[in-house]
Every structure is written in C-alpha cells, then in structure tokens.
Amino acid sequence: QVQLVESGGGLVQSGESLRLSCAASGSISSIYAMAWHRQAPEKHREPVARITSDNNTNYSDSVKGRFTIPRDSAKNTVYLQMNSLKSDDTAVYYCSAEARNGTYYYISWGQGTRITVSS
C-alpha cells in the first residue's frame, strides 16, 4: 500500500502563492500517477491536477495557467504550486496516488490540508 502525507496549507490573501507538498511512502514503485483534488464547502471533490510516472500532466480548466504539479522523484514528493490564488480556491486539498499491485488497481488518499484564500 501507499501512504501519503500532505502539508503546506493555511490562510493566504487573494493573489498570493502557496505550495503544497505530498510525500509518499510504502509501495512507491507501484505508483503510476499522482494527483491533487479539492473539496470546497458543500461541494463535491474535484480533480485539480495530475502527473503520471512519465511526467504527463493534466489540469482542470479552473486552475490551468495558475497551478502546476512538479515532483521530486528522489524525495517521493509531489507538489502543487498555486499562484494567483482566488477566493474560489478555498477548499480542502487532497493528494492521491494511483497504484497497481499486479492486476489490482487502487487509489490511496492523504488526509487533506485546508487552504483558505481571503479577498
């Protein structure tokens, strides 16, 4: 199994930047993609950004051009660099790892980290 620990959340002003970190441990070699999702108050969880093991990235339209998802393979860590933050970005952000164990596919989730953007 894969364990994930997020960090970096907090309170920021509109227009500022923030970087989240997601450190993976456990069955690292089984991971083929990692992603960030977020859940705003009274809304469903939505995908934000995803990076595959061969560095293909995808972003939701709402964050494209403002967020990036770099990673440091040596540290088994994925980041979410968030620039030009808006009040609509206020949410709990979750890291996920998509992994494969033989023919069994699964997704591991972190505990979430809260970001509040004040206008």
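The structure displayed is predicted, hence computed values, not measured ones.

Parameters and conventions
- Residues numbered from 1 in each chain as written.
- Predicted model: local features only at pLDDT ≥ 70, side-chain atom pairs only at ≥ 80, totals over all residues.
- Heavy atoms only, no water.
- Salt bridge = Lys/Arg side-chain N within 4 Å of Asp/Glu carboxyl O.
- Buried < 20%, exposed > 50% of the residue type's maximum accessible area, 1.4 Å probe, protein only.
- Helix = DSSP H or I, 4+ residues; strand = E, 2+ residues; numbered from the N terminus.
- Pairing = 2+ DSSP bridges.

**Q** Explain the pattern of salt bridges to me, please; I cannot follow it from the model alone.
**A** Pairing is possible between side chains of opposite charge, provided their charged atoms come close. The tally for this structure, following the rule as stated, stands at 5 salt bridges. Overlapping salt bridges, with partners in common, bring together Arg 38, Glu 46, Arg 66 and Asp 89 in one network.

**Q** I would appreciate a short explanation of the pairing of strand E10 (residues 91-101) in the present structure.
**A** Across a regular strand the side chains alternate sides, sitting on one face of the sheet and then on the other. A large share of E10 lies buried, amounting to 9 of its 11 residues. In this sheet, E10 lies alongside strand E4 (residues 31-39) in antiparallel orientation, the contact comprising 8 bridges. If you follow Trp 36 over to E10, its bridge partner there is Cys 95. Note: E10 against strand E12 (residues 113-118), 3 bridges, orientation antiparallel. Paired with Val 92 across the bridge in E12 is Arg 114. The pairing of E10 with strand E11 (residues 104-109) spans 6 bridges and is antiparallel. The residue bridging Arg 100 from the neighbouring strand is Tyr 105, located in E11. Connecting the antiparallel pair E10 and E11 is a turn made up of 2 residues, with Gly 102 showing a positive phi of about 70°.

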